[in-house]
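Structure assessment
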Amino acid sequence: MKKLIAFIAAGVALLIVSACSIFPSPRTIKMHYYDIGFPAKQYKLKIAMQVLPCIGGVGNETRMISRKASNSVQFDPFNRWANSPSKLIQSYLSLALSNDKTQIEHSIAGEILRFEGDLVNKTANIAIKITIKSNRKNKDKEAYLSQVVYSASVPVEKETATAYAVGMEKAMAEITQQIVKNIQKIKKK
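Residues numbered from 1 in each chain as written. Predicted model: local features only at pLDDT ≥ 70, side-chain atom pairs only at ≥ 80, totals over all residues. Heavy atoms only, no water.

Here we look at the confidence of the model for the chain
- Residue-level pLDDT values for the chain average 84, and 85% of them are 70 or greater.
- Summarising per-element confidence for the chain, the mean pLDDT is lowest in helix H2 (residues 19–22) (57) and highest in strand S1 (residues 32–34) (94). (pLDDT = per-residue confidence, 0-100. Helix = DSSP H or I, 4+ residues; strand = E, 2+ residues; numbered from the N terminus.)

Quick look at a nonpolar patch on the surface
- Where nonpolar side chains cluster on the molecular surface, the patch consists of Met1, Leu4, Ile5, Phe7 and Ile8 and spans about 610 Å² of accessible area.
- By secondary structure assignment, the location of Phe7 is in helix H1 (residues 2–17). (Patch = residues over 30% accessible without salt bridge, like charges linked within 9 Å, V, L, I, M, F, W, Y side chains within 5 Å. Areas by Shrake-Rupley, 256 points an atom, 1.4 Å probe, with all protein chains shown as cover. Salt bridge = Lys/Arg side-chain N within 4 Å of Asp/Glu carboxyl O.)

What about helix H3 (residues 85–96)?
- Relative to the 16 Å expected for twelve residues at 1.5 Å per residue, H3 spans 16 Å between its end C-alpha atoms, a close match to the ideal helical length.
- Buried residues of H3: Pro85, Ser86, Leu88, Ile89, Gln90, Tyr92, Leu93 and Ala96, and no others. (Expected span 1.5 Å × (residues − 1). Buried < 20%, exposed > 50% of the residue type's maximum accessible area, 1.4 Å probe, protein only.)

Topic: the environment of Glu111
- Tracing the backbone shows Glu111 in strand S5 (residues 106–118).
- The sequence separation of Glu111 and Ser86 amounts to 25 residues, and the corresponding C-alpha distance is 8.2 Å.

Comments concerning the side chain of Ser66
- Looking at where Ser66 falls in the secondary structure, it is placed in strand S3 (residues 63–69).
- Its relative accessible area of 15% is what places Ser66 among the buried residues.
- Excluding anything up to four places from it in sequence, Ser66 contacts Ser72, Val73, Gln74, Gly117 and Leu119. (Contact = heavy atoms within 4.5 Å.)

So, the nonpolar core
- Residues Ile36, Trp81, Ile89 and Met172 are the most contacted members of the largest nonpolar core, which totals 41 residues.
- Counting residues per element, the ones that place at least two in this core are strand S2 (49–51), H3, S5, strand S6 (123–134), strand S7 (144–155) and helix H4 (161–188).
- No other element matches the twelve residues that H4 contributes to this core.
- Ignoring any residue separated from it by four or fewer positions in sequence, one finds Met172 in contact with Ile36, Ile89, Tyr92, Leu93, Ile126 and Ile128. (Core = buried A, V, L, I, M, F, W, Y, C linked by side-chain atoms within 4.5 Å.)

Considering the environment of Gln74
- Mapped onto the secondary structure, Gln74 falls in strand S4 (residues 72–81).
- Sequence separation between Gln74 and Met64 is ten residues; the distance between their C-alpha atoms is 8.4 Å.
- Discounting chain neighbours no more than four positions away, the residues touching Gln74 are Met64, Ile65, Ser66, Lys68 and Leu119.

Details of the layout of surface pockets
- Space inside the second largest pocket adds up to approximately 210 Å³.
- Forming the boundary of the second largest pocket are 16 residues, of which Met64, Ser66, Asp76, Leu119 and Tyr164 lie nearest the centre.
- Only S3, S4, S5 and H4 provide two or more residues apiece to the lining of the second largest pocket.
- No other element matches S4, which puts five residues into the lining of the second largest pocket.
- Class assignment of the residues belonging to the lining of the second largest pocket gives a composition of eight nonpolar, five polar and three charged. (1 Å grid on protein atoms, 1.4 Å probe; cavity = no way out; pocket = protein on both sides within 12 Å on 5 of 7 lines; lining within 4 Å. Points joined across faces, edges and corners; volume = space filled by probe spheres on them. Nonpolar A, V, L, I, M, F, W, Y, C, P; charged D, E, K, R; others polar.)

A word on the pattern of salt bridges
- The final tally for this structure, using the stated rule, is four salt bridges.
- A salt bridge links Glu111 to Lys129; the shortest N-O distance between them is 3.3 Å. Of this pair, Glu111 sits in strand S5 while Lys129 is found in strand S6, placing the two residues 18 residues apart along the sequence.
- Its relative accessible area of 27% is what places Glu111 among the partly exposed residues.
- The exposure class assigned to Lys129 is partly exposed, which follows from its relative accessible area of 26%.
- A salt bridge links Glu116 to Arg114; the shortest N-O distance between them is 2.7 Å.
- Look at Glu116 and you get buried, because its relative accessible area is 5%.
- Taken together, the shared-partner salt bridges in this structure form one network comprising Arg67, Arg114 and Glu116.

Encoded structure:
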């Protein structure tokens, strides 16, 4: 009897030790990373504009965010932004609003209010509050020149992370055009 118990215990121990080779290895899940691309157009402004870092609650999350309903938010565990949305937007605006001036006259700061895909309406959505401020020290004029919430909603063809990333790029291009129009109006004042 003792031999039988020892034989069964040895068999169970051998089974446990070799279990790794018996069962298939767990599936490796690959992460996919995206960004909002680069601006197709560089706007040559007549004023030098410094793009300050963007802020915002959603601005620090690298996981892609999607919305199934007005109050149901999902964080995608497998698709991520290559950097935080705040850094992506700051880089995009810095490239789009480049200039060759040496003296910076104005600064632009952003607060991200929305940076997500809408699964119900199949749109990529961005909303940013942009504050434009004069860097000149003038006691007679207000330092803040403009504070506007810009938003864009771009339809996407498929419900894929790639389609949403392309939609975000288009939405950011629309918002950048709106910002440039506002800067040109400010300069005329």
